[in-house]
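Residue-level structure breakdown
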Amino acid sequence: MASGEFAIPVYDILDELGGDQDINALNTVIDSLIHNMTGREVEQWAERFRRVHELHVLSCHECGRAMSEEECGDESTEERVCDECAGL
Ligand SMILES: [Zn+2]
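Being a predicted model, the structure only gives us computed values, none of them experimental. (Residues numbered from 1 in each chain as written. Predicted model: local features only at pLDDT ≥ 70, side-chain atom pairs only at ≥ 80, totals over all residues. Heavy atoms only, no water.)

Scanning the protein chain from terminus to terminus reveals four helices and two strands. Listing every helix and strand of the protein chain by position from the N terminus yields α-α-α-β-β-α. The proportion of buried residues among the 88 residues of the protein chain is 15%. In the protein chain, the share of contacts with a sequence separation of at least 24, taken over all contacts with a separation of at least 6, comes to 4%. (Helix = DSSP H or I, 4+ residues; strand = E, 2+ residues; numbered from the N terminus. Buried < 20%, exposed > 50% of the residue type's maximum accessible area, 1.4 Å probe, protein only. Contact = heavy atoms within 4.5 Å.)

Structure, rendered in structure tokens:
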């Protein structure tokens, strides 16, 4: 995981593009980072981010794995299970 000094090149590029107050610079950097991540990396990052920032986290009633909004559908039942546990 890149943090501290390893993240500096990202901030340097952001500064060169206009800094963190520039929405276009932010979008350009975020788009590029996403394009350079695998689907699995994005998924893991999103799970971690939701946990750290205490965002809406939905977990499987069976295995406890965090589920995507898509996987859960609109229902908000206590006994929601992931696609894998549901045998889908
Ligand atoms: Zn499960």
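So that's the structure; there's more coming.
Six octahedral donors around a metal ideally subtend angles of 90 or 180 degrees, whereas four tetrahedral donors ideally subtend 109.5 degrees. The coordination sphere of the zinc ion contains the protein donors C60 (SG), C63 (SG), C82 (SG) and C85 (SG), at a distance range of 2.3 Å. Coordination geometry of the zinc ion: the four donor atoms subtend angles of 104 to 113° at the metal centre, consistent with an arrangement described as tetrahedral. Sequence spacing of the donors to the zinc ion: C-x2-C-x18-C-x2-C. Residue C63 is located in the loop between β1 (58–59) and β2 (66–67), and its partner C85 is located in the segment after α4 (69–72); the two are separated by 22 residues in the primary sequence. Among the residues examined, C63 registers a relative accessible area of 45% and is labelled partly exposed. Taking relative accessible area as the criterion, C85 reaches 36% and is therefore assigned partly exposed. (Donors = N, O, S within 2.8 Å, 3.2 Å for Na, K, Ca; no water. Tetrahedral: all angles 85-135°; square planar, octahedral: opposite > 155°, others 65-115°.)

Moving on, we come to the packing of helix α1 (residues 8–17) against helix α2 (residues 23–35). At a minimum axis distance of 9 Å, the contact between α1 and α2 shows a crossing angle of 140°. The crossing of α1 and α2 is right-handed. Of α2, the residues touching α1 (which contributes V10, I13, L14 and L17) are A25, L26, T28, V29 and L33. In terms of residue class, the contact of α1 with α2 is made up of eight nonpolar, one polar and no charged. (Axes fitted to C-alpha atoms, helices over the stretch in contact; angles between N-to-C directions. Left-handed = near helix turned anticlockwise from the far one by under 90°. Nonpolar A, V, L, I, M, F, W, Y, C, P; charged D, E, K, R; others polar.)

Right, let's talk about the confidence of the model for the protein chain for a bit. In the predicted model, the protein chain carries a mean pLDDT of 83, and the fraction of residues at 70 or more is 82%. Ranking the elements of the protein chain by mean pLDDT puts α4 last, at 66, and α2 first, at 96. (pLDDT = per-residue confidence, 0-100.)

The next point concerns the pattern of salt bridges. Scanning all chains against the criterion turns up one salt bridge. Across the pair E43 and R40 runs a salt bridge, and its minimum N-O distance is 2.6 Å. You can see E43 and its partner R40 sitting in helix α3 (residues 39–52), three residues apart, about one turn around the helix. Look at E43 and you get partly exposed, because its relative accessible area is 37%. Classification of R40 by relative accessible area gives partly exposed; the value is 45%. (Salt bridge = Lys/Arg side-chain N within 4 Å of Asp/Glu carboxyl O.)

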